[in-house]
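Structural characterization, general
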Amino acid sequence: MASITLKGNTIHTSATLPAVGQKAPDFELVNTDLSTSKLSDYSGSKVVLNIFPSIDTGICAASVREFNKEASNLSNTKVLCISRDLPFAQARFCGAEGLENVISHSDFKTGAFGKDYGLEITDGPMQGLHSRAVVVLDENGVVLYTEQVPEIVQEPNYSAALSALS
């Protein structure tokens, strides 16, 4: 379990993020067209998992925009934006913003991704949503970098995450 804050108030996650050097847990998430994707679908590419509570909040939207901008400069790298939002909301946001360099995935059906990655919020007003985190994987799905953002209303450290790709 990790302790994080929401506007200074302590809340908790279900566990801790996967460890650097560990094989990332596989997942099955829902795409904006309602098909599903697994981590194994991205085998051979580096992967940035940009995880957040909801696309309909300012900081979450900012992280998607920033990673979309950075993704256009990354070779052999996929940026996955993951939340428990409905796929329709994710598609609406990315379409309205013209974001084409990130891939949106939803964990709305089961929440298994949040549990397997240790980032499901277990108490407080955002209980059941995902905490804000970044996980970077190599081409074989091995964890290169993690950041459990300590305060939900804080943006992740983009430069640290992107540096892990080199």
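What you are looking at is a predicted structure, and each value in this text was computed from that prediction instead of being measured. (Residues numbered from 1 in each chain as written. Predicted model: local features only at pLDDT ≥ 70, side-chain atom pairs only at ≥ 80, totals over all residues. Heavy atoms only, no water.)

**Some thoughts on the pairing of strand β2 (residues 9–12)**
With 4 bridges joining them, strand β1 (residues 3–6) and β2 adopt antiparallel strand pairing. Across the sheet, T5 pairs through a bridge with T10, a residue of β2. Here β1 hands over to β2 after 2 residues, with K7 in that stretch at a positive phi of 55 degrees. (Pairing = 2+ DSSP bridges. Helix = DSSP H or I, 4+ residues; strand = E, 2+ residues; numbered from the N terminus.)

**Description of the nonpolar core**
In terms of nonpolar packing, the biggest core is built from 18 residues, with F27, L49, I51, F113, Y117 and L137 touching the most fellow members. Secondary structure elements with two or more residues in this core: β5 (46–51), β6 (77–83) and β8 (133–137). Those residues in contact with L137 that lie beyond four places of it in its chain are A24, L39, K46, V47, L49, V142, V143 and L144. Counting 16 residues, the second largest nonpolar core, distinct from the first, contains F52, V136, Y158 and A164. (Core = buried A, V, L, I, M, F, W, Y, C linked by side-chain atoms within 4.5 Å. Buried < 20%, exposed > 50% of the residue type's maximum accessible area, 1.4 Å probe, protein only. Contact = heavy atoms within 4.5 Å.)

**A look at the pattern of salt bridges**
In total, this model carries 2 salt bridges according to the counting rule given. Across the pair E120 and K115 runs a salt bridge, and its minimum N-O distance is 3.3 Å. (Salt bridge = Lys/Arg side-chain N within 4 Å of Asp/Glu carboxyl O.)

**A few points about the pairing of strand β9 (residues 143–148)**
Regular strands have side chains that alternate between both faces of the sheet. Taken together, the 5 bridges between β8 and β9 define a ladder with antiparallel strand orientation. In the strand pairing of β9, V136 is matched with Y145. In this antiparallel pair of consecutive strands, β8 and β9, the connection spans 5 residues, and G141 shows a positive phi of 80 degrees.

**Points about the confidence of the model for the chain**
Considering every residue of the chain, the mean pLDDT works out to 89; 90% of them sit at 70 or more. Across the chain, element-level confidence peaks in β9 with a mean pLDDT of 97 and bottoms out in helix α1 (residues 58–71) with 68. (pLDDT = per-residue confidence, 0-100.)

**Digging into the environment of S104**
Note on placement: S104 falls in strand β7 (residues 103–106). Spatially, the C-alpha atoms of S104 and A89 are 10.0 Å apart, while their sequence positions differ by 15 residues.

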